[in-house]
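Overview (structure and organization)
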Amino acid sequence: MPDPSLVSLGAVHNRSAPIAWTAIPEICRLATSNSCAEVNPYVELHCHSNFSFLDGGSHPAELAARAAELEMPALAITDRGGVYGAVKFLQACRKLRVKPIIGTTLEVDGQEVVIIARNLRGYSNLCRLLSFAHVDQPKGEARATIAKVAEHRGDLFYLSATDDERRLRDLQ
């Protein structure tokens, strides 16, 4: 059995680069409390709302409604450089019985990394990391080093468009 932290999932955002899941061996449990075989097995883990200016087009409530319409058990919102749409997303998901997953897309050492909070402690770590990522950056931009991400890694999942084993290990 391959190491789950290094499993390549194929192209998603950058159609030519493989997406590797790092530190997500129990993503099914994050998405739903039921067995994965009993529900729609697809959960989008990289979704931008209209709070990601010029990158996402739909309001978080619209995204939640579409996920419910498609019978998705959960949906992640990963706005660029922040958790801007999280509250509206959580409220909509609660009404529609879609499990909300909160994360962000962050530039880490020049490469995009999707970071997802595993629980409330992970959300707290994510918010602290985002605060550091905005320091000394132009308005609307957030960047972090891999060392800073590692400092705040507790209860966070990482999705990275790389197959570079060293980089994947640095994210752990």
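To start, this report covers the structure provided alongside it. (Residues numbered from 1 in each chain as written. Predicted model: local features only at pLDDT ≥ 70, side-chain atom pairs only at ≥ 80, totals over all residues. Heavy atoms only, no water.)

1. So, the pairing of strand β3 (residues 74-80)
For a regular strand, the rule is simple: side chains alternate between the two faces of the sheet. What counts here: Buried residues are those whose accessible area, probed at 1.4 Å on protein chains only, stays under 20% of the maximum for their type, while exposed residues exceed 50% and partly exposed ones sit between those limits. The helix count covers DSSP runs of H or I at least four residues long, the strand count covers runs of E at least two residues long, and both are numbered beginning at the N terminus. Strand pairing requires that DSSP identify at least two bridges connecting the strands. Place the viewer so that the strands point away; then a crossover is right-handed whenever the path from the first strand over the helix to the second strand goes clockwise.
Across the 7 residues that make up β3, a large majority, 6, are buried. Examined bridge by bridge, β3 and strand β4 (residues 99-108) share 7 bridges and lie parallel to one another. Across the sheet, the residue bridging to L75 is P100, located in β4. As for the winding sense of the linkage, the β-α-β connection from β3 through helix α3 (residues 86-96) to β4 is right-handed.

2. Quick look at the nonpolar core
Put simply, the rule reads: As used in this record, nonpolar core signifies buried Ala, Val, Leu, Ile, Met, Phe, Trp, Tyr and Cys residues forming a set joined through side-chain atoms within 4.5 Å.
Core analysis: the biggest nonpolar cluster contains 29 residues, and L75, F89, L106, I115 and L126 have the highest contact counts within it. Core analysis: the second largest hydrophobic core is formed by 9 residues, V43, I101, I116 and F157 among them.

3. Notes on the packing of helix α2 (residues 60-69) against α3
The angle between the axes and the distance between the axes are what describe a pair of packed helices. Test applied: Angles here are taken between N-to-C directions and fall from 0 to 180 degrees, while the axes themselves are lines fitted to C-alpha atoms, restricted in helices to the stretch in contact. Orientation is classified from the angle alone, with under 35 degrees giving roughly parallel, over 145 giving roughly antiparallel, 65 to 115 giving roughly perpendicular, and any other angle giving oblique. Definitions for this section: a left-handed crossing has its near helix turned counterclockwise from the far helix by less than a right angle. A right-handed crossing has that turn clockwise. Two residues qualify as a contact provided that any one of their heavy atoms is within 4.5 Å of a heavy atom in the partner residue.
Where α2 contacts α3, the axes come no closer than 8 Å and their chain directions differ by 30 degrees. What the angle tells us is that α2 and α3 run roughly parallel. As α2 runs across α3, the sense of the crossing is right-handed. Taking contact as the criterion, the partners of P60, A61, A64, A65 and A68 in α2 are, on α3, K88, F89, A92, C93 and L96.

4. Things to note about the layout of surface pockets
Note the cut-off: Site definitions follow a grid-based scheme: protein atoms alone, a 1 Å grid, a 1.4 Å probe that fits but cannot get out for cavities, and for pockets an open set with protein on both sides within 12 Å along at least five of seven lines, plus lining residues having an atom within 4 Å of a point. Grid points are joined across faces, edges and corners, and a volume is the space filled by probe spheres set on the points. Nonpolar residues are Ala, Val, Leu, Ile, Met, Phe, Trp, Tyr, Cys and Pro. Charged residues are Asp, Glu, Lys and Arg, and all others, Gly as well, are polar.
Its boundaries defined by the atoms lining it, the second largest pocket holds a volume of some 300 Å³. Lining the second largest pocket are 16 residues, and of these R80, G81, G140, E141 and A142 sit closest to its centre. Ranked by residues supplied to the lining of the second largest pocket, first place goes to β4 with 3 residues. Classifying every residue of the lining of the second largest pocket by side-chain character gives 5 nonpolar, 5 polar and 6 charged.

5. Details of the environment of E62
Inspection of the secondary structure puts E62 in helix α2. Note on E62: relative accessible area 48%, which makes it partly exposed. Spatially, the C-alpha atom of E62 lies 9.0 Å from that of S49, the residues being 13 residues apart in sequence.

6. A few points about unusual backbone geometry
Phi at E71 takes a positive value of approximately 60 degrees, unusual for a residue other than glycine. On the secondary structure map, E71 appears in the loop between α2 and β3. For E71, a relative accessible area of 65% puts it in the exposed group.

7. As for the environment of K148
You can see K148 is positioned in helix α5 (residues 146-151). In sequence terms K148 and V108 are 40 residues apart; their C-alpha atoms lie 9.0 Å from each other. Those residues in contact with K148 that sit more than four places away from it in its chain are L129 and F132.

8. Focus on helix α4 (residues 120-134)
Heads up, the condition is: To estimate how far a helix should extend, the number of its residues minus one is multiplied by 1.5 Å. Within this analysis, the arc is defined by the directions that extend from the helix axis to the C-beta atoms.
The terminal C-alpha atoms of α4, which comprises 15 residues, lie 21 Å apart, in line with the 21 Å expected from a rise of 1.5 Å per residue. Those residues of α4 lying buried are G122, N125, L126, L129, L130 and A133. Buried positions in α4, seen along its axis, are confined to an arc of 140 degrees and lie on one side of it. In α4, the exposed residues that point more than 90 degrees away from the buried face are L120 and R121.

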